[in-house]
Amino acid sequence: QVQLVESGGGLVQPGGSLRLSCAASGFMFSSYAMGWVRQAPGKEREIVAAISSRGTRTWYSNSVKGRFTVSRDNAKNTVYLEMNSLKPEDTAVYYCAGGSSWPDTVDDMDYWGKGTLVTVSS
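The paragraphs below set out a description of the structure included in this document. Bear in mind that the values here come from a model prediction, so they are computed numbers and not experimental data. (Residues numbered from 1 in each chain as written. Predicted model: local features only at pLDDT ≥ 70, side-chain atom pairs only at ≥ 80, totals over all residues. Heavy atoms only, no water.)

### Observations regarding the pattern of salt bridges
- On inspection of all chains with the given rule, the structure shows three salt bridges.
- The salt bridge partner of Asp 90 is Arg 38, with a shortest N-O separation of 2.9 Å. Residue Asp 90 is located in the loop between β8 (78–83) and β9 (92–99), and its partner Arg 38 is located in strand β4 (residues 33–39); the two are separated by 52 residues in the primary sequence. Considered together, Asp 90 and Arg 38 belong to a single accessibility category, that of buried residues.
- As a salt-bridge pair, Asp 90 and Arg 67 come within 2.7 Å of each other at their nearest N and O atoms. Separated by 23 residues along the polypeptide, Asp 90 in the loop between β8 and β9 and Arg 67 in the loop between β6 (58–60) and β7 (68–73) bring together distant segments of the chain. Each member of the pair Asp 90 and Arg 67 is classed as buried.
- Residues joined in a network through salt bridges with shared partners are Arg 38, Glu 46, Arg 67 and Asp 90. (Salt bridge = Lys/Arg side-chain N within 4 Å of Asp/Glu carboxyl O. Helix = DSSP H or I, 4+ residues; strand = E, 2+ residues; numbered from the N terminus. Buried < 20%, exposed > 50% of the residue type's maximum accessible area, 1.4 Å probe, protein only.)

### Observations regarding the nonpolar core
- Membership of the largest hydrophobic core comes to 28 residues, with the highest contact counts inside it found for Met 34, Trp 36, Val 70, Val 79, Leu 81, Met 83 and Tyr 94.
- Those elements that place two or more of their residues in this core are β3 (18–25), β4, β5 (46–51), β7, β8, β9 and β11 (116–120).
- For this core, the element with the most residues is β3, which contributes four residues.
- Those residues in contact with Met 83, other than ones at most four positions away along the chain, are Gly 16, Ser 17, Leu 18, Leu 20, Arg 67, Phe 68, Tyr 94 and Val 118.
- If you look at the next biggest cluster of nonpolar residues, it comprises five residues, including Ile 47, Tyr 95, Ala 97 and Met 109. (Core = buried A, V, L, I, M, F, W, Y, C linked by side-chain atoms within 4.5 Å. Contact = heavy atoms within 4.5 Å.)

Spelled out as structure tokens, the structure:
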């Protein structure tokens with residue numbers, strides 16, 4: 001069975017940093033592109049970062065570019081999202097997701113975690 005388990009969320013002040021982790025199991029992790037998707041209350045899901053199966057290619061939404069960094073460790077079946085210079089508008093549930101091909105949209109994701117809440121507030 002496929003499992004994606006996020007961790008590392010919590011409350012952080014504006015300008016602060018958090019590092020999210022996603023532990024994957026039950027599928028060929030090293031063959032899947034991985035992404036981080038967030039959903040704020042009342043808003044649709046948005047892919048904020050993606051990384052290719054080998055980690056050689058990354059993509060970021062304009063809203064997080066320059067502040068967030070996605071990485072992966074295929075030996076540990078883990079993908080990370082380092083978030084710096086956090087803003088209140090980054091507040092959302094952050095989901096880890098995987099796709100057998102490059103995820104141009106959230107519909108391209110095959111597997112999803114349950115999410116971890118990130119709250120940016122003073």
